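Chains, contacts and geometry: an overview
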Amino acid sequence: MGQESSTLTSHQVEELQLTTSFTEDELRLLAKGFKRLDANEDGQLSKEEFLLIPELQMNPLVSRVVDIFDTDNDQMVSFEEFITGLSLFAMRGDESRKLQFAFKVYDMDGDGFISNGELFQVLKMMVGTNLNDIQLQQIVDKTIMESDLDGDGKISYEEFEHAINSGATIDLTEQMVIAVSSNEE
């Protein structure tokens, strides 16, 4: 879409409304925000440009989020990828899609399973040096053991969904919400 992302045509708005949960006003606000983040004005966002968002600067999983938004795997996030990814976090976003996104954060190789190593890597990103590797591996092993219902040594999406829905003390999908508002300026 390139630089025209900040001035959406009616056709573009209609197409994006079909595939996302955003209103026309929200899409236009997001287009303006996208353009502000696009420091080199190439119509795409790099990981470095994502880090210009203050709320993401300290988020240890920003790299994983960008990887998941980048559906064509070109190391950049186009406006369409940005909007599609953000739509998962909209208040009206589909709960099952939010859960699928959360699963993808852990499924680093995209094979449909969370392995022991993948869970370790993601949790290591999250806890940093707050736990040593032995403590972290114990948590990973316990999580795999409790969540792996079929005993194959890894967590499938269905097992992940079951673990979240049966044991979560917080509602994961409620935590994965953003609000689009115009009080940015």
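Treat the numbers as computed from the prediction; the structure is a model and nothing was measured. (Residues numbered from 1 in each chain as written. Predicted model: local features only at pLDDT ≥ 70, side-chain atom pairs only at ≥ 80, totals over all residues. Heavy atoms only, no water.)

**A word on helix H9 (residues 133–147)**
To keep things clear, this is the line we draw: Secondary structure elements follow DSSP: runs of H or I no shorter than four residues count as helices, runs of E no shorter than two count as strands, and numbering proceeds from the N terminus. Expected span of a helix, by definition, is 1.5 Å for each gap between consecutive residues, and there is one gap fewer than residues. Note on exposure labels: buried denotes an accessible area under 20% of the residue type's maximum, exposed denotes more than 50%, and partly exposed covers the range between, all computed with a 1.4 Å probe on protein chains only. Within this analysis, the arc is defined by the directions that extend from the helix axis to the C-beta atoms. Definition of a polar contact: a pair of N or O atoms within 3.5 Å, with one able to donate and the other able to accept a hydrogen when the atoms are protein atoms, and with sequence-neighbouring residues admitted only if both atoms are side-chain atoms.
The end-to-end C-alpha distance of H9, which contains 15 residues, comes to 21 Å, matching closely the 21 Å that a straight helix rising 1.5 Å per residue would cover. Where H9 is concerned, the buried positions are Leu 136, Val 140, Ile 144 and Ser 147. Around the axis of H9, the buried residues are gathered within 80 degrees of arc, so they sit on the same side. Opposite the packed face of H9, turned more than 90 degrees from it, sit the exposed residues Ile 134, Gln 138, Met 145 and Glu 146. Near the N-terminus of H9, the side chain that reaches the backbone nitrogen of Ile 134, with its oxygen 3.0 Å away, is that of Asn 132.

**Considerations on the environment of Arg 97**
Rule in force here: A contact between two residues is defined here by any heavy atoms of the two lying within 4.5 Å.
Relative to the helices and strands, Arg 97 resides in helix H7 (residues 95–106). In the structure, Arg 97 is positioned ten residues away from Ser 87 in sequence and 9.6 Å away in space, judged by C-alpha atoms. Setting aside residues no more than four positions away along its own chain, Arg 97 makes contact with Thr 19, Thr 84, Ser 87 and Leu 88.

**Brief notes about the pattern of salt bridges**
What counts is decided by this rule: Each reported salt bridge corresponds to a side-chain nitrogen of Lys or Arg within 4 Å of a carboxyl oxygen of Asp or Glu.
Evaluation of the coordinates by the stated rule reveals five salt bridges. The partner of Glu 24 in a salt bridge is Arg 28, and the shortest N-O contact between them spans 3.1 Å. Separated by four residues within a single helix, Glu 24 and Arg 28 lie in helix H2 (residues 24–37), roughly one turn from each other. Given the relative accessible area of 38%, Glu 24 is considered partly exposed. Arg 28 sits in the partly exposed class, given a relative accessible area of 27%. Of the charged contacts, one joins Asp 133 and Lys 124 as a salt bridge, the two residues approaching to 2.8 Å between their closest N and O atoms. Owing to a relative accessible area of 42%, Asp 133 belongs among the partly exposed residues under this scheme. Where salt bridges share partners, they join Lys 47, Arg 64 and Asp 67 into one cluster.

**Description of unusual backbone geometry**
Its identity is not glycine, yet Glu 41 carries a phi of approximately 55 degrees, on the positive side. Note on placement: Glu 41 falls in the loop between H2 and strand S1 (44–45). For Gln 75, which is not glycine, the phi dihedral falls at a positive 70 degrees.

**Thoughts on the packing of helix H1 (residues 10–19) against H2**
Spelled out, the test is: Only the contacting stretch of a helix is used when fitting its axis, a line to C-alpha atoms as for every element, and angles between N-to-C directions run 0 to 180 degrees. Each angle is binned into one of four classes, with values under 35 degrees roughly parallel, values over 145 roughly antiparallel, values of 65 to 115 roughly perpendicular, and all other values oblique. Just so you know the grouping, Ala, Val, Leu, Ile, Met, Phe, Trp, Tyr, Cys and Pro go in nonpolar, Asp, Glu, Lys and Arg go in charged, and all remaining residues, Gly too, go in polar.
Look at H1 against H2: their axes get within 10 Å of each other, and the N-to-C directions meet at 105 degrees. In terms of orientation, H1 and H2 fall into the roughly perpendicular class. Of the residues in H2, those touching H1 at Val 13, Leu 16 and Gln 17 are Glu 24, Leu 27 and Arg 28. Split by residue class, the contact of H1 with H2 holds three nonpolar, one polar and two charged.

**Topic: the UniProt feature "domain: EF-hand" (unreviewed entry) in the protein chain**
Keep this limit in mind: UniProt positions are given in the numbering used here, feature names are shortened, and annotations may be inferred rather than shown by experiment.
Cross-referencing UniProt, the feature "domain: EF-hand" (unreviewed entry) maps to residues 25–60, 64–92, 94–129 and 135–170 in the present numbering. In residues 25–60, helix accounts for 58% and strand for 6%; the two terminal C-alpha atoms are 31 Å from one another. Taken end to end, residues 94–129 is 67% helix and 6% strand, and its two terminal C-alpha atoms sit 34 Å from one another.

**Considerations on the nonpolar core**
Definition in use: For this analysis, a nonpolar core means a set of buried residues of the types Ala, Val, Leu, Ile, Met, Phe, Trp, Tyr and Cys, connected via side-chain atoms within 4.5 Å. Domain extents, as shown, originate in an automatic or database domain assignment.
Ranked by internal contacts, the top residues of the largest apolar core, which has 42 residues, are Phe 50, Phe 82, Ile 83, Tyr 106 and Phe 160. Residue assignment for this core shows that the elements contributing at least two residues are H1, H2, helix H5 (62–69), helix H6 (79–87), H7, helix H8 (116–127), H9 and helix H10 (157–167). Counting only domains with at least three residues in this core, you end up with domain 1 (11–90) and domain 2 (95–182). When neighbours within four sequence positions are excluded, Phe 82 is seen to be in contact with Leu 30, Phe 34, Leu 45, Phe 50, Phe 69 and Val 77.

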